[in-house]
Amino acid sequence: MKKDKRDIRALSKEELRDFFTSIGQQAFRGNQVYDWLWAKGIRNFEDMTNISKETREMLADSFVINHIEVDKMQKSNDGTIKNAVRLHDKNIVESVLIPTDTRTTACVSSQVGCSLNCAFCATARLKRMRNLKPDEIYDQVFVIDQQSRLYFDRPLSNIVFMGMGEPLMNHRNVLQAIEKITSPEGLNMSPRRITVSTSGIPKMIKILADQEVKFNLAVSLHSAIDEIRTKVMPFNETFPLADLKEALIHWYEKTKRRVTYEYLIWDGINDRQEDIDALIDFCQAIPCKVNIIEYNPIDDGIFQQANPEITNKYEVALERHGITVTVRRSRGKDIDAACGQLANKSIEEAPILKK
Ligand code: SAH
């Protein structure tokens, strides 16, 4: 039986150098191959033009390059591009390119499906099948950088981990991907332009803080009252707001980086004065900013965006307390590329739909 070929991008640069020495070649070949695999993002061994034909064939005999493939690309009227990305095992995730006048932001996925069960999110209806590997995360960014150059004549400027999945449930691979994305040997992007969005897993926030990571953290808060947050984000029962707050204080002490709270406002759920008061109180813990996002319906009609007066009431109250607040309009709604809509329609393969 033919033995399974190894994924060459699971090897570090050192391991690649060692591989070449072990077969009697010079270690610097390892550097060359590494450069092709990451900075140049090639998908076939034949494209490694400074490597001899025999060596390329030998590599192809022993290894595979499991590059992602864009299965389907959809363009929104507002310029947003959604990629349905096929992984080597045929699973599909989605990633989105969001252009503005001055920036291009990539919104990337970290898991196939999601293990959390936020009641308002389309991805939550999918089973969590598996974590994405560092290279599968890196590739999503690489592809969007290429699309940005091709369609908008500029490189990618920002990355948000707001696609499918909970990045902190896959924190090792997410951190490794970020390391490659920020490395001069990868895409050389500044960590300051990267935001990891989490539903708020206290233990993981503390781990990141202890590593003094340099990227930004966003927390999907949606309510600062336990009872309500648990209704919309049931895992809050296990990780209540007091634990989250404590972890965030630790984050700020270690990183000195202000946190963004993402916040949706729904009719009859968190549209009362006491909801606003609780949020203001939560915001006193550490320097922060509130990003009010527009709710994108996911077809079940249970959640309804609160009316604009309520949003306005939140804005005014937060500002009165000196808290920075932004209201974000959704992009790419017509192609189901907006927040929480990923996997709404494009992933029709039954296996990953929760029963
Ligand atoms: N699991 C991570 C990242 C993915 S979700 C997290 O929870 O932060 C990215 C953002 O989209 C989160 O703030 C999430 O709460 C929000 N979101 C989910 N469903 C949404 C919907 N239907 N409309 C608008 N935003 C939604």
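Computed from a predicted model, the values in this text were never measured in an experiment. (Residues numbered from 1 in each chain as written. Predicted model: local features only at pLDDT ≥ 70, side-chain atom pairs only at ≥ 80, totals over all residues. Heavy atoms only, no water.)

### Some remarks on unusual backbone geometry
Then step 1. At E212, a residue that is not glycine, the phi angle is positive and equals roughly 50 degrees.
Then step 2. Structurally, E212 is set in the loop between α6 (202-210) and β11 (216-220).
Then step 3. When its relative accessible area of 41% is taken as the criterion, E212 is described as partly exposed.
Then step 4. A positive phi angle, close to 65 degrees, is found at H222, a residue other than glycine.
Then step 5. Along the polypeptide, H222 turns up in the loop between β11 and α7 (226-232). (Helix = DSSP H or I, 4+ residues; strand = E, 2+ residues; numbered from the N terminus. Buried < 20%, exposed > 50% of the residue type's maximum accessible area, 1.4 Å probe, protein only.)

### Considering the pairing of strand β4 (residues 81-86)
Then step 1. With 5 of its 6 residues buried, β4 lies for the most part within the structure.
Then step 2. Looking at chain direction, strand β3 (residues 69-75) and β4 are connected through 6 bridges and run antiparallel. Bridge pairing in β4 links M73 to N83.
Then step 3. The hairpin formed by β3 and β4 contains 5 residues between the paired strands, and G79 there has a positive phi angle of roughly 95 degrees.
Then step 4. Summarising the sheet, β4 and strand β5 (residues 92-99) pair through 6 bridges and their orientation is antiparallel. (Pairing = 2+ DSSP bridges.)

### Side note on the packing of aromatic side chains
Pairs of aromatic rings are described using the distance from one ring centre to the other and the angle between the two planes.
Then step 1. Under the counting rule described, the total for this entry stands at 13 aromatic pairs.
Then step 2. With a centroid separation of 5.2 Å and 75 degrees between ring planes, the pair formed by F19 and F63 is classed as edge-to-face. In this pair, F19 is assigned in helix α1 (residues 13-22) and F63 in strand β2 (residues 63-64), connecting sequence segments 44 residues apart.
Then step 3. Take F63: its relative accessible area is 3%, and that puts it in the buried class.
Then step 4. Ring geometry for Y34 versus W38: centroids 6.4 Å apart, planes at 50 degrees, classification tilted. Residues Y34 and W38 agree in their burial class; the two are buried.
Then step 5. In textbook terms, an aromatic cluster arises when at least three aromatic residues are bridged by ring pairs, as seen for Y34, W38, Y138 and F142.
Then step 6. The aromatic ring of W38 is capped on one face by R9, whose charged end is 5.2 Å from the ring centroid. (Phe/Tyr/Trp six-rings, centres within 6.5 Å; stacked < 30°, edge-to-face > 60°. Lys NZ or Arg CZ within 6 Å of the ring centre and 35° of its normal.)

### Comments concerning the domain arrangement of the chain
Put simply, an interface is often sized by how much accessible area is lost when its parts join up.
Then step 1. Partitioning the chain into domains gives domain 1 (6-64) and domain 2 (69-335).
Then step 2. If you average the C-alpha positions of domain 1 and of domain 2, the two centres end up 35 Å apart.
Then step 3. Contacts between the two partners involve 9 residues from domain 1 and, on the opposite side, 9 residues from domain 2.
Then step 4. Among the residues of domain 1 in contact with domain 2, R9, W38 and R43 are the three that bury the most area, contributing 56% of the side total.
Then step 5. Our count for the domain 1 to domain 2 interface comes out at 4 salt bridges.
Then step 6. Between D135 and R9 there is a salt bridge, with the nearest N and O atoms lying 3.5 Å from each other.
Then step 7. Broken down by class, the residue content of the side of domain 1 that touches domain 2 amounts to 3 nonpolar, 1 polar and 5 charged. (Domains from an automatic or database assignment. Contact = heavy atoms within 4.5 Å. Buried area = accessible area lost by both parts, 1.4 Å probe. Salt bridge = Lys/Arg side-chain N within 4 Å of Asp/Glu carboxyl O. Nonpolar A, V, L, I, M, F, W, Y, C, P; charged D, E, K, R; others polar.)

### Overview of the state of the cysteines
Between two cysteines, a covalent bond joining their sulfur atoms is known as a disulfide.
Then step 1. Taken as a whole, this structure holds 0 disulfides when the rule is applied.
Then step 2. Here C121 is not disulfide-linked; the sulfur of C118 is the nearest cysteine sulfur, at 6.1 Å.
Then step 3. A relative accessible area of 18% places C121 in the buried class.
Then step 4. Of the cysteine sulfurs around C288, a residue in no disulfide, the closest is that of C283, at 3.7 Å.
Then step 5. On the accessibility criterion, C288 (8% relative accessible area) is buried. (Disulfide = S-S within 2.5 Å.)

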